[in-house]
Amino acid sequence: MTGRTLMAALAAAVLLTGCQQPSSEPDARSRGSSEKYARDRDQCQAQVDDYMRSRRRIDDSAAETFRGDTDRAGRDGLATQMSNYGDSRTSEKYMANCLEARGWPQQQKAWWQRIGS
C-alpha cells in the first residue's frame, strides 16, 4: 500500500510541475521602443494621478461627514491605513489597464499568485 501511495504522490508532483508554464510573451519593454514605453507610462501616470486625486477628495469629504468625535481626536489610524492600501491597489490596477489600452500587455500572474489580489 505504501508503494502505491508513494507512486501516486510522485505522479501528482510530476503533473503539478508541468502546470507551471513559462510565459510565452516577452517583457513589454523589450517588444517596443523604450522611449515610447516611457512616454506612454508618463501619460498613464498623469491620468491615474488625476483620477486618484479626485477620488481621494470625494472619499475624504464623505468620511469627514460621518466622522465621530473619537475620529476627530486623531484616533482613526486604521481607517487611514486601509484607505491608503485601497488607493495603492486601485492606482496599480488603473495603471495596468491604461498601459494595456496603449498596447503594453502586463505580465499575467498564475492563478495561485492572484489569490488575495
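Residues numbered from 1 in each chain as written. Predicted model: local features only at pLDDT ≥ 70, side-chain atom pairs only at ≥ 80, totals over all residues. Heavy atoms only, no water.

Peer 1: Explanation requested: the overall build of the protein in the structure shown.
Peer 2: In terms of regular secondary structure, the protein is built from six helices and zero strands. Secondary structure elements of the protein, listed N to C terminal, follow the sequence α-α-α-α-α-α. Looking at the protein as a whole, 11% of its 117 residues qualify as buried. A separation threshold of at least 6 residues defines the contact pool for the protein, and within that pool the share at least 24 residues apart is 82%. Split by element, the accessible area of the protein, about 9600 Å² in all, is 55% carbon and sulfur. (Helix = DSSP H or I, 4+ residues; strand = E, 2+ residues; numbered from the N terminus. Buried < 20%, exposed > 50% of the residue type's maximum accessible area, 1.4 Å probe, protein only. Contact = heavy atoms within 4.5 Å. Areas by Shrake-Rupley, 256 points an atom, 1.4 Å probe, with all protein chains shown as cover.)

Peer 1: Help me understand the packing of aromatic side chains in this model?
Peer 2: For any pair of aromatic rings, the description rests on two quantities: the centre-to-centre distance and the angle between the ring planes. Per the stated rule, a full pass over the model turns up three aromatic pairs. Summarising the aromatic geometry, the rings of Y37 and W104 are spaced 4.9 Å apart at their centres and angled 80° between planes, so their arrangement reads as edge-to-face. Of the two residues, Y37 is situated in helix 3 (residues 34–65) and W104 in the loop between helix 5 (77–101) and helix 6 (111–114); the sequence distance between them amounts to 67 residues. Look at W111 and W112: their rings are 5.8 Å apart centre to centre, the planes differ by 90°, and that puts the pair in the edge-to-face class. Residue class for W112 comes out partly exposed when judged on its relative accessible area of 40%. (Phe/Tyr/Trp six-rings, centres within 6.5 Å; stacked < 30°, edge-to-face > 60°.)

Peer 1: Before we go on, may I ask you to explain the pattern of salt bridges in this structure?
Peer 2: Think of it this way: side chains of opposite charge can pair up when their charged atoms draw near. Enumeration according to the criterion identifies four salt bridges in this entry. Notably, a salt bridge pairs D87 with R56, separated by 2.3 Å at the nearest N-O pair. Note that D87 is positioned in helix 5 and R56 in helix 3, a separation of 31 residues in sequence. Look at the salt bridges and you will find they share partners, linking K36, D40 and R102 into a network. (Salt bridge = Lys/Arg side-chain N within 4 Å of Asp/Glu carboxyl O.)

Peer 1: Help me understand the side chain of D40 in this model?
Peer 2: Position of D40 among the secondary structure elements: in helix 3. Given a relative accessible area of 5%, D40 falls into the buried group. D40 has contacts with L99, R102 and W104, leaving out every residue within four places of it along the chain.

Peer 1: It is not clear to me how the state of the cysteines should be interpreted in this structure. Could you clarify?
Peer 2: Here a disulfide denotes a covalent bond joining the sulfur atom of one cysteine to the sulfur atom of another. Enumeration over the complete set of coordinates arrives at one disulfide. Each sulfur of the disulfide joining C44 and C98 lies 2.1 Å from the other. Judged by the torsion about the S-S bond (-80°), the C44/C98 disulfide is left-handed. Here C44, found in helix 3, pairs with C98, found in helix 5; they are 54 residues apart in sequence, far enough to count as distant. (Disulfide = S-S within 2.5 Å.)

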